[in-house]
Amino acid sequence: MRLESLTTGRLAPVADRVPVLNEHYKHHSATDVLSHALNDPAVGRVALVSSFGAESVVLLHLLSVIKPDTPVLFVDTQMLFPETMAYQQELAASLPLTDIRTIRADQAAVDFDDPDGTLHQFSTDSCCNLRKTVPLEKALGGFDAWITGRKRFQASTRSTLNFFEEDGEHRMKINPLAHWGREDIEEYIVNNRLPRHPLVAKGYPSIGCAPCTSPVKPGEDPRAGRWRGSDKTECGIHFINGKAVRMVPAKESAA
Ligand code: SF4
């Protein structure tokens, strides 16, 4: 199957490319998948979406080694922990990444929908939509694929996660770390002497916005501190045909 049209230069439908790429790369390493995704015209224009959270440094470092001019999209909801903002600055300064883009909601929309910053107390879905989903969808408009840090071990709903996934009709998600375990992450960070998010040592194995993230007790699911006490399980950064949708009934996120 030809994945890229030689006559028009246009990409074949995502639904055709994803199974071919997964079959081809099923025995490859995270580094191979990432290198391929960043250089193969059949994948198209690629960005990394990073929360600069607990494990984000692994992909950011890999990217800085393989292709440091790849766009990195950082969604600043303006509700993040000060520690996350400081860590983002630290990594941006220390890694040789040359195209980190900070994505924020349109200020007029925030002023209208959440003027006092309390929307999350009444509707977390509306708040995530305003501060994460809409700005990211807009930012991804110029890309054919985005790289995520999702892994199989993180949730039962991710247990069959593949390297390449459809993300609507026109875009794909790439999950180079799909097969990595917690130990792999730890080993990579230690071996490469990478800085850690300061909140990890304070009991936050998964880090989102400050109002919606709490520490996790020993034995709890790593994502138990996200939207604790509510039915909300993911931030909505999943799209079908350009629209945000809820994909799974379990603790999920894009990061
Ligand atoms: S995680 Fe909480 S504060 Fe952040 S965008 Fe979603 S609802 Fe708003």
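- As annotated in an unreviewed UniProt entry, the protein chain carries the name Adenosine 5'-phosphosulfate reductase and is attributed to Neogemmobacter tilapiae.
- A UniProt comment under Sequence similarities (unreviewed entry) is attached to the protein chain, and it reads "Belongs to the PAPS reductase family. CysH subfamily."
- One UniProt comment on the protein chain, placed under Subcellular location (unreviewed entry), says "Cytoplasm".

Details of the overall build of the protein chain
Next, step 1: When its secondary structure is counted, the protein chain shows 8 helices and 8 strands.
Next, step 2: In the protein chain, which comprises 255 residues, the proportion classed as buried is 39%.
Next, step 3: Summarising the internal contacts of the protein chain: among those between residues at least 6 apart in sequence, 69% fall at separations of at least 24.

Focus: the pairing of strand E1 (residues 46–50)
Next, step 1: The buried fraction of E1 amounts to 5 of the 5 residues, a majority that puts the element mostly inside the structure.
Next, step 2: Sheet topology note: the E1/strand E4 (residues 145–147) ladder contains 3 bridges and is parallel. If you follow Leu48 over to E4, its bridge partner there is Ile147.
Next, step 3: After leaving E1, the chain enters helix H3 (residues 56–66) and then returns to the sheet as strand E2 (residues 72–75), a path that is right-handed.

A word on the environment of Ala12
Next, step 1: Its place among the elements puts Ala12 in the segment before helix H1 (14–25).
Next, step 2: Sequence-wise, Ala12 and Ala42 are 30 residues apart; in three dimensions their C-alpha atoms are separated by 7.9 Å.

Re the UniProt feature "binding site: [4Fe-4S] cluster" (unreviewed entry) in the protein chain
Next, step 1: Under the UniProt annotation, the feature "binding site: [4Fe-4S] cluster" (unreviewed entry) is placed at Cys127, Cys128, Cys209 and Cys212. On the basis of their most widely separated C-alpha atoms, the annotated residues across 86 residues gather in one place, lying no more than 10.9 Å apart.
Next, step 2: By the secondary structure assignment, Cys209 is in the loop between helix H8 (182–191) and strand E7 (239–240).
Next, step 3: Looking at Cys209, the number of C-beta atoms within 10 Å reads 22, which means it is buried.
Next, step 4: Excluding residues within four positions of it along the chain, Cys209 makes contact with Thr77, Met79 and Leu80.
Next, step 5: Counting through the fold element by element, Cys212 comes out in the loop between H8 and E7.
Next, step 6: In contact with Cys212, other than residues within four places in its own chain, are His120, Thr124, Arg226 and Trp227.

Some words on the site of the ligand
Next, step 1: Taken together, 13 residues lie around the ligand, and Thr124, Cys127, Cys128, Cys209 and Cys212 are the ones closest in.
Next, step 2: Counting residues per element, the shell around the ligand draws most heavily on helix H7 (residues 124–139), at 5 residues.
Next, step 3: The residue inventory of the shell around the ligand, partitioned by class, reads 7 nonpolar, 4 polar and 2 charged.

Focus: unusual backbone geometry
Next, step 1: Despite not being glycine, Phe52 shows a phi value in the positive range, around 50 degrees.
Next, step 2: Take Phe52: it is sitting in the loop between E1 and H3.

Quick look at the sheet that holds E4
Next, step 1: With respect to topology, 6 strands assemble into an open sheet ordered E3-E2-E1-E4-E6-E5, the strand pairing being mixed. Each edge of the sheet is formed by a strand with only one pairing partner; in this case those strands are strand E3 (100–103) and strand E5 (164–166). In this sheet, neighbouring strand axes are inclined to one another by 30 degrees on average, regardless of whether the strands run parallel or antiparallel.
Next, step 2: Where E4 meets strand E6 (residues 172–174), 3 bridges bridge the pair, whose relative direction is parallel. For Ile147, the partnering residue across the bridge sits in E6 and is Ile174.

Some words on the environment of Leu62
Next, step 1: Take Leu62: it is sitting in helix H3.
Next, step 2: Through-space distance from the C-alpha of Leu62 to that of Ala30 is 9.3 Å; in sequence the pair is 32 residues apart.
Next, step 3: Apart from the residues lying within four places of it in its own chain, the contact partners of Leu62 are Thr31 and Leu34.

Thoughts on helix H4 (residues 82–94)
Next, step 1: For H4, built from 13 residues, the straight-helix expectation of 18 Å at 1.5 Å per residue is met to within 8% by its first-to-last C-alpha distance of 18 Å.
Next, step 2: For H4, the complete set of buried residues consists of Thr84, Tyr87, Gln88 and Leu91. Mapping the buried residues of H4 onto a view down its axis gives an arc of 105 degrees, with all of them on the same face. H4 presents Pro82, Gln89 and Ala93 as exposed residues on the side facing more than 90 degrees away from its buried surface.
Next, step 3: In this structure, the buried residues of H4 make contact with H3 and E2.

Overview of the nonpolar core
Next, step 1: Within the largest apolar cluster, 39 residues are counted, with the highest numbers of intra-cluster contacts made by Ala37, Val46, Leu48, Leu59, Leu73 and Ile147.
Next, step 2: Looking at which element gives the most residues to this core, the answer is H3, with 6 residues.
Next, step 3: With residues up to four places along the chain from it excluded, the contact list for Leu59 reads Leu48, Ser50, Ile147, Gly149 and Leu177.
Next, step 4: With 5 residues, the next largest nonpolar core counts Leu119, Cys127, Cys128 and Leu130 among its residues.

Scoring rules and cut-offs
Within each chain, residue numbers correspond to sequence positions counted from 1 in written order. Local features in a predicted model are, by the rule used here, given only for residues with pLDDT of at least 70; side-chain atom pairs are given and counted only at 80 or more, and totals for whole chains, interfaces and linings are based on all residues. UniProt positions are given in the numbering used here, feature names are shortened, and annotations may be inferred rather than shown by experiment. Runs of E in the DSSP output that reach at least two residues are strands. Runs of H or I that reach at least four are helices, and both are numbered from the N terminus. With C-beta atoms placed from the backbone, a residue is labelled by how many other C-beta atoms lie within 10 Å of its own: buried for 20 or more, exposed for 12 or fewer, partly exposed between the two. Each residue gets a C-beta atom placed from its backbone, and two residues are in contact if those atoms lie within 7 Å. Should DSSP find at least two bridges between two strands, the strands are taken to pair. Handedness is read with the strands pointing away from the viewer; a crossover is right-handed when the path from the first strand over the helix to the second is clockwise. Only the C-beta atom matters for nearness: placed from the backbone, it must lie within 6 Å of the molecule or strand for the residue to count as near. Classification used: nonpolar for Ala, Val, Leu, Ile, Met, Phe, Trp, Tyr, Cys and Pro, charged for Asp, Glu, Lys and Arg, polar for all others including Gly. With axes taken as lines fitted to C-alpha atoms, and helix axes fitted only over the stretch in contact, angles between N-to-C directions fall between 0 and 180 degrees. A helix is expected to reach a length of 1.5 Å times the quantity of its residues less one. Of all possible arcs, the one meant is that of the directions from the helix axis to the C-beta atoms. A set of buried Ala, Val, Leu, Ile, Met, Phe, Trp, Tyr and Cys residues, joined through C-beta atoms within 7 Å, is what we mean by a nonpolar core.

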